[in-house]
Amino acid sequence: MKIIGTGSALPSKVVSNDDLAQVMDTSDEWIRSRTGICSRHIAVEETTTGLAVEASKKALDEAGISGEDIDLIIAATVSSDYLFPTLACEVQAAIGAKNATAFDISAGCSGFLFALATADGYFATGRFQKALIIGAEVLSKMMDWDDRSTCVLFGDGAGAAVVSAEEDHLLSMVQGSDGAGGMALMCENRPVNNLYRQLGPQTYSFTKMNGSEVYKFAVRTVPQAISEALEKAQISVDQVKYFLLHQANLRIIESVAKRLRQPIDKFPTNLEECGNVSAASVPILLDKVRGEGMIEKGDKIVMAGFGAGLTWGACVLEW
Ligand code: UT7
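What you are looking at is a predicted structure, and each value in this text was computed from that prediction instead of being measured.

## Points about empty space enclosed by the protein
Step number 1: Counted by the stated rule, this structure contains one cavity of 30 Å³ or more.
Step number 2: Around the largest cavity sit M1, K2, I3, H169, L317, E318 and W319, which together line it.
Step number 3: Elements represented by at least two residues in the lining of the largest cavity include exactly β1 (2–9) and β13 (311–318).
Step number 4: Among the residues forming the lining of the largest cavity, the class breakdown is four nonpolar, one polar and two charged.

Here it is in structure tokens:
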């Protein structure tokens, strides 16, 4: 597969750390020093679907193709507007991709990597040629805004990539899951509540995270996954131009850089202005890096995601 277009979309409202400090017991100093995050975009009028459609249209424009040319749409999200229909089907309708098979993937912050891997498998059947891969989240609606240890970390947004089966630029893909650690980062769905088991009116539950457990998981697993992906691709770590990591915490990114013995300037970031956008964070970053002309033909790029599940994924691409 080859990525032939990218796009992204962010809500217009920007909320700084200082803004949050006015409404909860936190500070710019705490958030910035613990995470690197300075501000995040929060949806007010925007929806997950609207952001995903905007990012997808930009990616299609850049690829120079229309919705009708797409035969596969995979949306990675944990915060779609509806449990069903899926976000991918909503996007399909909005972009007129009437020839596409469309479905969602739920793999937390690894979602974009898992969606890419799934498209690669679909391409291998020979029955699909052009896929639209989306990561889109409005996590702000799933936050407990009274839980300062979690709500300050996340933001809203969407990223998309058009991928083509024509040329094979995906040099390797590594994925993994550890369900045993899953409760470290969770959000309950609706409980069983029906004619036969009546719990009464239910309130929605929100995201809960054991930050230090997830932190330890990330710094242990991500360097391993990247090393494995590089080995499979037969690429040395020094040949990689950029490492595009899920944007959860600058300290995690610095730790991965250190473990891989790579300079930190090979790890572009956007968590400063976006926070953690879960499945959308890698494609939003990819779009930014491409938009700034930082990637040239032939460059080797690593992308890596990690998060809820627990799950992780890493791939090596040649541009
Ligand atoms: O995308 C999915 C992947 N997610 C991640 O990768 C997240 C990984 N985890 C992390 O990034 C870090 O664990 C956090 C940023 C979430 C937390 O950093 P930490 O250095 O592990 O802080 P902590 O949880 O140990 O909290 C330290 C202190 C506590 O106070 P005490 O008990 O030491 O007095 C917290 O109550 O900081 C307090 N605290 C806050 N203070 C001000 C927690 N949240 C805040 C806050 N503002 N927002």
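## A closer look at the packing of aromatic side chains
Step number 1: Under the defined criterion, the tally for this structure stands at four aromatic pairs.
Step number 2: With centroids separated by 4.6 Å and ring planes inclined at 10°, the aromatic side chains of F243 and F267 adopt a geometry described as stacked. A residue pair is termed long-range when its members are at least 10 positions apart, and F243 in strand β11 (residues 240–245) and F267 in the loop between α8 (250–259) and α9 (271–274) qualify at 24 residues.
Step number 3: Clustering of aromatic rings is evident, with ring pairs tying together F103, Y122 and F128.

## Considering the site of the ligand
Step number 1: Around the ligand there are 23 residues in total, and T26, R34, H246, N249 and N276 lie nearest to it.
Step number 2: A distance of 3.0 Å is found between a nitrogen atom of the ligand and a backbone nitrogen or oxygen belonging to R148.
Step number 3: Notes on the ligand: free accessible area 960 Å², of which the protein chains cover 71%.
Step number 4: Listing elements by their share of the shell around the ligand, those giving two or more residues are α2 (28–35), α6 (148–151), α7 (211–233) and α8.
Step number 5: The leading source of residues in the shell around the ligand is α7, at four residues.
Step number 6: Residue composition of the shell around the ligand, grouped by class: 11 nonpolar, eight polar and four charged.

## Structural notes on the sheet that holds β1
Step number 1: Read from one edge to the other, the open sheet built from five strands follows the order β1-β7-β6-β4-β5, with strand pairing classed as mixed. Among the strands making up the open sheet, the edge pair consists of β1 and β5 (101–105). Put simply, the sheet's adjacent strands are angled 15° from each other on average, direction ignored.
Step number 2: One ladder, built from five bridges, connects strand β4 (residues 72–76) with β5; its direction is parallel. Bridging across to β5, A76 finds its partner in I105.
Step number 3: Helix α3 (residues 48–63) contacts β1, β6 (130–138) and β7 (156–164) of the sheet and is inclined by roughly 140° relative to β1.
Step number 4: Strand contacts of helix α5 (residues 111–124): β4, β5, β6 and β7, with the helix running at about 160° to β6, the strand carrying the most contacts.

## A look at the layout of surface pockets
Step number 1: Approximately 1,200 Å³ is the volume found for the largest pocket.
Step number 2: Forming the walls of the largest pocket are 36 residues, and the residues nearest its centre are V78, M142, C187, E188 and N189.
Step number 3: By residue class, the composition of the lining of the largest pocket is 17 nonpolar, 14 polar and five charged.
Step number 4: Approximately 410 Å³ is the volume attributed to the second largest pocket.

## Side note on the sheet that holds strand β8 (residues 170–177)
Backbone-to-backbone hydrogen bonds pair the strands of a sheet. The strands run either parallel or antiparallel.
Step number 1: Pairing in this open sheet of four strands is mixed, and the strands run β8-β13-β12-β11 from one edge to the other. Edge positions in the sheet fall to β8 and β11, since each has one partner strand and no second. Adjacent strand axes in the sheet meet at a mean angle of 10°, parallel and antiparallel pairs treated alike.
Step number 2: In this sheet, strand β12 (residues 300–307) lies alongside β11 in parallel orientation, the contact comprising five bridges. Across the sheet, residue L245 finds its bridge partner in β12, namely A304.
Step number 3: Where α5 meets the sheet, its contacts fall on β8, β12 and β13, and the angle it forms with β8 comes to roughly 120°.

## Observations regarding the environment of L310
Step number 1: Position of L310 relative to the elements: it lies in the loop between β12 and β13.
Step number 2: According to the relative accessible area criterion, L310 is buried, its value standing at 5%.
Step number 3: For the pair L310 and C109, spaced 201 residues apart in sequence, the C-alpha to C-alpha distance is 9.3 Å.
Step number 4: Residues within four places of L310 in sequence aside, it is in contact with G176, S177, D178, G179, G181, G182 and F217.

Rules of the game
Residues numbered from 1 in each chain as written. Predicted model: local features only at pLDDT ≥ 70, side-chain atom pairs only at ≥ 80, totals over all residues. Heavy atoms only, no water. 1 Å grid on protein atoms, 1.4 Å probe; cavity = no way out; pocket = protein on both sides within 12 Å on 5 of 7 lines; lining within 4 Å. Points joined across faces, edges and corners; volume = space filled by probe spheres on them. Helix = DSSP H or I, 4+ residues; strand = E, 2+ residues; numbered from the N terminus. Nonpolar A, V, L, I, M, F, W, Y, C, P; charged D, E, K, R; others polar. Phe/Tyr/Trp six-rings, centres within 6.5 Å; stacked < 30°, edge-to-face > 60°. Near = heavy atom within 4 Å. Polar contact = N/O pair within 3.5 Å; in protein donor to acceptor, adjacent residues only side chain to side chain. Areas by Shrake-Rupley, 256 points an atom, 1.4 Å probe, with all protein chains shown as cover. Pairing = 2+ DSSP bridges. Axes fitted to C-alpha atoms, helices over the stretch in contact; angles between N-to-C directions. Contact = heavy atoms within 4.5 Å. Buried < 20%, exposed > 50% of the residue type's maximum accessible area, 1.4 Å probe, protein only.

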